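# Structural description and commentary
Single-letter residue listing:
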Amino acid sequence: MNRFHILTLFTQQVEYYFKHSILKRAIENKIISVDAIDMRDYAVNEYGKVDDTLYGGGTGMLIQCQPVFDAYNSIALNSSTGEKPYVVYMSPKGSLFDQKKAKELSKRKDLVIICGHYEGIDDRVISTIVDEQISIGDYVLTGGEVAACVIVDSISRMIPNVLPNEEAYMNESHMNDTLEHLQYTKPEVWKGKRVPQVLLSGDFAKIDEFNKTVALCETWSKRPDMLEKKALSTEEWQKMLEYKKSI
Ligand code: ADE
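Small disclaimer: the values here were computed from a predicted structure and weren't measured.

## A look at helix 8 (residues 204-222)
Helix length check: helix 8, at 19 residues, gives a terminal C-alpha distance of 26 Å against a target of 27 Å (1.5 Å per residue), a fit within 8%. Taken as a whole, helix 8 has its buried residues at I207, F210, N211, T213, V214, A215, L216, C217, E218 and T219. Of the surrounding elements, those touching the buried residues of helix 8 are helix 9 (224-227) and helix 10 (234-246).

Structure (structure tokens):
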């Protein structure tokens, strides 16, 4: 089982998301677990206050070291594997999250994800327990919870048996450094737009080749930067040009 432990001040935000997600089935089947740990339970004063003003001045409040450290220890010291859990801090300063990172993190059995709020967290606890800082994009959110849900969702899909069949994610966007090909369902003709004939042919080798070409064209038009990393053959370019001409 892969266990996600989310350290937060807003447990309900996280719990609500997973209660109403397709991942609920994987949680019920004990393939993954997602626990939201309230850092307020580890406050060092009796009022449940976990933040304080900044040394050196500045606006806003910062989450103190001890509640974060104690909340982390509640997991680390009770680890069933005896290993130190891998710790991620959600922060706009972190490295950008992508599908490769999702795959990599899906190998971690215990993943602790710390969500900051207000101005963030005292740097001393970050440098003590955090293995990696992760950002979900170059913008600033009010807290790390949404970002934590984003990464847990995407990591979980990479874990065997979470999705009904692995194929569901093997062909999807970003898996092969391309975007996914276009897809169609019934009816065959809608508002005069016809489904490409090859998809009705039953010739799976041809369909596969066609879908690969469409995936490259999609990437070329929507995310040309992704193709820069790929060395396309003359044949692939030719097929793409043929497809472009046919539409
Ligand atoms: N917390 C605030 N902004 C964030 C971002 N862009 N990514 C991850 N965590 C964040």
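## Comments concerning the pattern of salt bridges
Taken as a whole, this structure holds 12 salt bridges when the rule is applied. In this structure, K101 engages E104 in a salt bridge whose closest nitrogen and oxygen atoms are separated by 3.0 Å. Here E104 and K101 lie together in helix 4 (residues 99-105), a separation of 3 residues that amounts to about one turn. The class of E104 is partly exposed, set by a relative accessible area of 40%. With a closest N to O distance of 3.3 Å, K212 and D208 form a salt bridge. Of this pair, K212 and D208 both sit in helix 8, 4 residues apart, which is roughly one turn of the helix.

## Focus: the packing of helix 8 against helix 10
Interhelical geometry of helix 8 versus helix 10 gives an angle of 85° and a closest axis separation of 9 Å. With respect to their mutual orientation, helix 8 and helix 10 come out roughly perpendicular. Residues E209, F210, T213, V214, L216, C217, W220 and S221 of helix 8 form the contact with helix 10, whose own contacting residues are E236, W237, K239, M240, L241, Y243 and K244. Class assignment of the residues belonging to the contact of helix 8 with helix 10 gives a composition of 9 nonpolar, 2 polar and 4 charged.

## With respect to the site of the ligand
Around the ligand sit M90, S91, P92, I134, S135, I136, G137, Y139, V140, L141, G143 and A147, and that is every residue in its neighbourhood. At 3.2 Å, a backbone N or O of S91 approaches a nitrogen atom of the ligand. One nitrogen or oxygen atom from the main chain of L141 is found 3.0 Å from a nitrogen atom belonging to the ligand. Contributing elements (two or more residues each) for the shell around the ligand: strand 5 (86-96) and strand 7 (132-135). Examining the composition of the shell around the ligand, we find that 3 residues originate from one element, strand 5, more than from any other.

## Comments concerning the domain arrangement of the chain
With domains assigned, the chain is organised as domain 1 (2-156) and domain 2 (171-246). Here the C-alpha centre of domain 2 lies 38 Å away from the C-alpha centre of domain 1.

Cut-off values and rules
Residues numbered from 1 in each chain as written. Predicted model: local features only at pLDDT ≥ 70, side-chain atom pairs only at ≥ 80, totals over all residues. Heavy atoms only, no water. Helix = DSSP H or I, 4+ residues; strand = E, 2+ residues; numbered from the N terminus. Expected span 1.5 Å × (residues − 1). Buried < 20%, exposed > 50% of the residue type's maximum accessible area, 1.4 Å probe, protein only. Contact = heavy atoms within 4.5 Å. Salt bridge = Lys/Arg side-chain N within 4 Å of Asp/Glu carboxyl O. Axes fitted to C-alpha atoms, helices over the stretch in contact; angles between N-to-C directions. Parallel < 35°, antiparallel > 145°, perpendicular 65-115°, else oblique. Nonpolar A, V, L, I, M, F, W, Y, C, P; charged D, E, K, R; others polar. Near = heavy atom within 4 Å. Polar contact = N/O pair within 3.5 Å; in protein donor to acceptor, adjacent residues only side chain to side chain. Domains from an automatic or database assignment.

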